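The residues making up each chain are set out below.
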Amino acid sequence: MDLTLKIWRQASAEGKGKFVNYQVQNISADASFLEMLDILNERLVVEGEDPVAFDHDCREGICGACSIYINGRPHGPDRGITTCQMHMRNFKDGETIVIEPWRAKPFPVIKDLMVDRSAFDAIIQAGGYVSVSTGGVPDANAIPIPKRKADEAMDAAACIGCGACVAACKNASAMLFVSAKVSQFALLPQGRLEARERVQKMVAKMDELGFGNCTNTYACEAECPKEISVSHIARMNREFLGAKLLSEK
Amino acid sequence: MVKLDAKIPQGPLAEKWTNYKAHQNLVNPANKRRLDIIVIGTGLAGASAAASFGELGFNVKAFGIHDSPRRAHSIAAQGGINAAKNYPNDGDSIYRLFYDTIKGGDYRSREANVYRLAEVSNNIIDQCVAQGVPFAREYGGLLDNRSFGGAQVSRTFYARGQTGQQLLLGAYSALSKEIAKGSVKMHTRSEILDFVLVDGRARGVITRDLISGKIERHSAHAVVLATGGYGNVFFLSTNAMASNGSAAWKAYKKGAFFGNPSFTQIHPTCIPVHGAYQSKLTLMSESLRNDGRIWVPKFKEDAEKIQKGQLKPTELGEDRRDYYLERRYPAFGNLVPRDVASRAAKERCDAGFGVGSTGLAVYLDFADAIKRLGKHVIEARYGNLFQMYEKIVDENPYETPMMIYPAVHYTMGGIWVDYELQTTIPGLFAAGEANFSDHGANRLGASALMQGLSDGYFVLPYTIQNYLADQIQVPRISTELPEFEQAEKEALSQIEKLLAVNGKETVDSFHRKLGLIMWDFVGMARNKEGLEKAIKDIQELRADFWKNVKVPGTNQMVNPELEKAIRVADYLELGELMARDALMRNESCGGHFREEYQTPEGEALRSDDVFNFVAAWEYKGENAEPAMHKEPLVFEFIEVKQRNYK
């Protein structure tokens, strides 16, 4: 298929960006979206132009590196997948595809389609862990966990930290990302001990880093490549409220 | 010849590690604060090591090429992690896990290392559960297990089809905890360009900031290399795009010996190649072989019709199918080890029985399992894998069998290390896939996660202290030393040289050509003539690369083409060493299959009298042939046998 690509080009974080149009020809419907960009980039290199920078790595939907807005949607038109899992059969011959980076203030553009998502790491560092050190832990089966709870914790833990939820949200809220981690640990006995402190610290860090508030549009859930449910946001709100009410200080 | 000392502790097998720990040197808490450790790579091995060092009180500097440690390729491991817990009461034990691993590796690994791995496997599961890793559970609330290749017990713990993700996120959470505490300083988007040796010891690294291009110097009392494998030398592999062998290669060129470089794992269940533009291959977890049955048409005319699209696999009756693994290996059936399954698939396809439009695919069929267990059970077990397959191939695997074909997946070879995981450079340690240590000539499924975490959580935190104990008098290393200046100058000049070539061909086009040479001659089946040709072809390609490669842009910017060029320049040297190693080893063992050495049934034929050793290669300079040193493998506790999965 032949396509017109309208791609956001921005030389650096400080630079002023703009859309640039590119034509690509004879793209196979079986090629992945990123392979289509590879083909474009290979041509740009040969022609002496600067190739389009974008984050990507595993190309099987699990590392969370890819982060492209396609035709106005994070990770493109298909549901429940990342950009790298998108294949060109989802597009029509002759189509114009608009390609942008994540658009959210806490994720500044580094170059072209690459953004800085270190804010997510900072939120995890604020409390997204169970404070155990290596060694000296009980036998794994000493802590029975109801299967239903373990499964729900796994649903939340499936988050790949790509940031599509933030990019999809009109408020650039990180509630789905933060709640997925809070919820995973809140559901498990290992995480319960620190649950109160954890939720307060992570929410405070999220606010400090400039993520917006949740206004319940559920765009995050709709665009999440791992289809993480907004019910985790509800759990986080309960945890947060409970923590505030029961705060010992 | 250099005498390689593996430093295996004395005593009975089951007591070696305990003895080592009882007698090793330790560093007291006050001194730990004064000692710096650099950890390169923050996947399972690197993140777990860095976090554990930080907890102990060392001052840690960790480096990763990604924007976050959570993106390391350990994240993509699907199926599970082995441990000898024997929760299912099916006869497992530390000894049996040890034995299966040695046998699975076709008797080309060290007894003592493998035993230690099996021994600490149980601690890993405990640790991960304590961290909140949501492993699969049974209705009674206890942990569930499943089976993997090369074992007759169920010892694999899993978290749906995302075990690697959950374990990495566990290690990442431990690392994040230490970063917050200030014991670990994390450098993201930072690539190692070279190692710095002072008086023969590893004392630091030269790095490049992948955003600004800035070249930096970092020093430490010890350095840990945990940068994963080099399977991307084949261009197409299941590795992530940025996975690379450059840090290991730089270590080799600075004096670390390279162990068994040709030992590559070709994984039997990957989605087949579909086009020339393809950038990588996708693995379908080995766990699928628990319920999927592998087959090809029994008759060539049916295979041909299927290849032309005139016949559907579901139209073929049982009497016209060949379940070749069940036929050849009745005892292990579809769960034979990876090397055996891959070779059997290649044999059928080469003989003309392959399916798919290229004829380079076999079926993995779930129809029986769906009939037996119901679609919902299969969906619960493998739902995400089936979805992944459907997105890529555009076929519904619940209705028609999956098509699979072997692909490069893992490198058992790597930097040579002794029992302490120390390389031949004092103070430089190697962990995880980056070292050569535990898997011999073939790794069993669900053992990579086990080894990465074993090295990082439970081995290095001990052994590195044994090294650092006599370093407590050494003050912080200055990065102003001439050795740092020299290494930085060399790294920069390599980059300038690449940018100056300004030829006509892209880095990827050279990488693709190298990948084809490697796949054709250093892949699943190797022979003398082909390997000699590969060495010559790689040398020519390397010369061409330095004349004709085009690397756009400058060093002072985000420049993915330059990053790739640095890696491919190294692959063009590493590929040759792999071919040399394969050529030297006149036997077949595990994943290393030399066509000249096979049993009448087409199985790998080892030559224990001559090749019962680890080949450790020493760099001798740019235009000199590398020297090969042997570490003899001594089997004191088990009997070395011809592997038999029948």
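1. Some remarks on the side chain of Ser190 of chain B
All names here are of chain B. Among the secondary structure elements, Ser190 is positioned in strand S6 (residues 190-198). Here Ser190 falls in the buried class, since its relative accessible area comes to 6%. Sequence-distant contacts of Ser190, defined by excluding residues within four places in its chain, comprise Phe63, Gly64, Ile65, Thr207, Arg208 and Leu210.

2. Observations regarding the domain arrangement of chain A
All names here are of chain A. Taken domain by domain, chain A holds domain 1 (3-111) and domain 2 (118-246). Each of domain 1 and domain 2 was reduced to a C-alpha centroid, and the two centroids are 29 Å apart. Contact residues are listed per partner, giving 18 residues for domain 1 and 20 residues for domain 2. Where domain 1 abuts domain 2, roughly 1400 Å² becomes buried across the two surfaces, and 58% of that area is made up of carbon and sulfur atoms. Contact with domain 2 buries area across many residues of domain 1, yet Pro74, Pro106 and Phe107 alone supply 34% of it, more than any other trio. In this assembly, domain 1 and domain 2 are joined by 1 salt bridge. Note that Arg73 is salt-bridged to Glu223, the shortest N-O span being 3.0 Å. Linking domain 1 with domain 2 are 4 residue pairs in polar contact (both at pLDDT 80 or more). In terms of residue class, the side of domain 1 that touches domain 2 is built from 10 nonpolar, 5 polar and 3 charged.

3. A short note on the domain arrangement of chain B
Residues and elements named next belong to chain B. For chain B, the assigned domains are domain 1 (268-407) and domain 2 (482-611). When each unit is reduced to the centre of its C-alpha atoms, the spacing between domain 1 and domain 2 is 31 Å. Every contact between the two is made by 11 residues of domain 1 and, on the other side, 11 residues of domain 2. Approximately 770 Å² of surface area, both sides summed, lies buried where domain 1 meets domain 2, with 56% of it carried by carbon and sulfur atoms. By the criterion of area lost to domain 2, the three top residues of domain 1 are Asp339, Arg343 and Lys346, representing 55% of everything that side buries. One can count 1 salt bridge joining domain 1 with domain 2. Counting across the interface, domain 1 meets domain 2 through 4 residue pairs in polar contact (both at pLDDT 80 or more). Top contributing element to the side of domain 1 that touches domain 2 by residue count: helix H10 (residues 338-350), with 5 residues.

4. With respect to the nonpolar core
Counting residues in each nonpolar core, the largest one holds 242 residues, and the members touching the most others are Phe53, Ile81, Phe135, Phe195 and Leu225 of chain B. Considering every element that reaches this core, the biggest residue donor is helix H17 (residues 560-584) of chain B, with 13 residues. Beyond its immediate chain neighbours, meaning those up to four positions away, Leu225 of chain B contacts Ile40, Phe195, Ala247, Ala248, Ala251, Ile415, Leu428, Phe429, Ala430, Ala431 and Ala434 of chain B. Core analysis: the second largest hydrophobic core is formed by 28 residues, Met1, Ile27, Leu34 and Met86 of chain A among them.

About the thresholds
- Residues numbered from 1 in each chain as written.
- Chains lettered and ligands numbered in written order.
- Predicted model: local features only at pLDDT ≥ 70, side-chain atom pairs only at ≥ 80, totals over all residues.
- Heavy atoms only, no water.
- Helix = DSSP H or I, 4+ residues; strand = E, 2+ residues; numbered from the N terminus.
- Buried < 20%, exposed > 50% of the residue type's maximum accessible area, 1.4 Å probe, protein only.
- Contact = heavy atoms within 4.5 Å.
- Domains from an automatic or database assignment.
- Buried area = accessible area lost by both parts, 1.4 Å probe.
- Salt bridge = Lys/Arg side-chain N within 4 Å of Asp/Glu carboxyl O.
- Polar contact = N/O pair within 3.5 Å; in protein donor to acceptor, adjacent residues only side chain to side chain.
- Nonpolar A, V, L, I, M, F, W, Y, C, P; charged D, E, K, R; others polar.
- Core = buried A, V, L, I, M, F, W, Y, C linked by side-chain atoms within 4.5 Å.

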